[in-house]
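# Architecture and fold: a report
Each chain, letter by letter, is given below.
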Amino acid sequence: MATDDARAEVVLNRMQLLVTRKLDGLLQGDYLGLLPGPGTEAGESREYRPGDDVRRMDWPVTARTTLPHVRQTVADRELETWLAVDLSASLDFGTARYLKRDLAIAAAAAVSHLTVRGGNRIGAVVGTAGDLQRLPARPGRKDAQGLLRTIASTPAQPGRADLGALIDMLNRPPRRRGMAVVISDFMTPVTQWARPLRKLGVRHDLLAVEVVDPRELELPNVGVIALVDPETGRMHEVQTADPKLRHRYAHAAAAQRAEIASALRGANAAHLRLRTDSDWLLDIVRFVAAQRHARTRGTTR
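Quick caveat, the model's predicted, so the values are computed rather than measured. (Residues numbered from 1 in each chain as written. Predicted model: local features only at pLDDT ≥ 70, side-chain atom pairs only at ≥ 80, totals over all residues. Heavy atoms only, no water.)

## Observations regarding the pattern of salt bridges
The full count for this structure, using the stated rule, is 13 salt bridges. Across the pair Arg175 and Glu80 runs a salt bridge whose closest N-O atoms are separated by 3.9 Å. Taken as a pair, Arg175 in the loop between α5 (163-171) and β6 (179-184) and Glu80 in strand β3 (residues 80-86) lie far apart in primary sequence, 95 residues in all. For Arg257, the salt bridge goes to Glu216, with nearest N and O atoms at 3.4 Å. Placement of Arg257 in helix α7 (residues 243-266) and of Glu216 in the loop between β7 (205-212) and β8 (224-228) is noted, with a sequence separation of 41 residues between them. Overall, the relative accessible area of 4% leaves Arg257 in the buried class. Within this structure, Asp86, Lys100, Arg160, Asp185, Glu210, Glu216, Arg257 and Arg273 form a network of salt bridges that share partners. (Salt bridge = Lys/Arg side-chain N within 4 Å of Asp/Glu carboxyl O. Helix = DSSP H or I, 4+ residues; strand = E, 2+ residues; numbered from the N terminus. Buried < 20%, exposed > 50% of the residue type's maximum accessible area, 1.4 Å probe, protein only.)

Listed below in structure tokens is the structure:
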């Protein structure tokens, strides 16, 4: 247990250091594109002053008074962000640069860094096979770091969390509109989590972070390999030299991922995929930049 806690602390510190050093340097803006800006409700107009955003020009008032006016916005209330972090045994798997669990922690750290400012609050629900835990939403970076440390040090347990029940914990009790982030490999049958996810997407801005390992998408040609199911402990020997087997595996994996993507679209969720063999930080930067670009064009997906 001590070894697991020490590894969790090392992983969390490394991820937070990367997020802190690089995300702010690569992305600019109050909320760096993941969230709305400082205000979205229209307020009163006032005369234009040098430095005002010209996109907020109030043209009807400007035409009526012959003086340039801008529309002020009423600042939104503090945002509340909730994470649903799936830490099923299947997340303790990785054949490339990271474990999937490491990327789940990285995603949680990135979302925390991008949202906890200006009094915003962040909370989480964490799921393992044996427990669903709620961590209350609190403001400030110190509390956010404590929340991330609790997530990172959650002990691994054999078996799979009930992803549908985990997501439903964000639906109850009902909360005012905020941001909901679901982090998982979504390996549970879609029918078990699609409905609560759609319900969550009706009320909140929804982000789904899908964590994937390349060996879940295709098998290498390396002869006989022993595969252990992390959730049941069962071992299977597979002859990967068989091209038909590799083709069937890749076809089934592609169909599974397409079904997951379709369910996420049906819930109106923004979809970020992180792979254990990719630069996860660059993937997050690209995603946030695309979200920011979509918002400026009047779309959110």
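## Remarks on the packing of helix α3 (residues 100-115) against helix α4 (residues 141-152)
Helix-helix packing is described using two parameters, namely the angle between the two axes and the distance between the axes. Closest axis-to-axis distance for the α3/α4 pair is 10 Å, and the angle between their directions is 170 degrees. Comparing their axes, α4 and α3 come out roughly antiparallel. Residue-level contacts link Arg101, Ile105, Ala108, Ala109, Ser112 and His113 of α3 to Arg141, Ala144, Leu148, Ile151 and Ala152 of α4. Here the residues of the contact of α3 with α4 are counted per class, giving seven nonpolar, two polar and two charged. (Axes fitted to C-alpha atoms, helices over the stretch in contact; angles between N-to-C directions. Parallel < 35°, antiparallel > 145°, perpendicular 65-115°, else oblique. Contact = heavy atoms within 4.5 Å. Nonpolar A, V, L, I, M, F, W, Y, C, P; charged D, E, K, R; others polar.)

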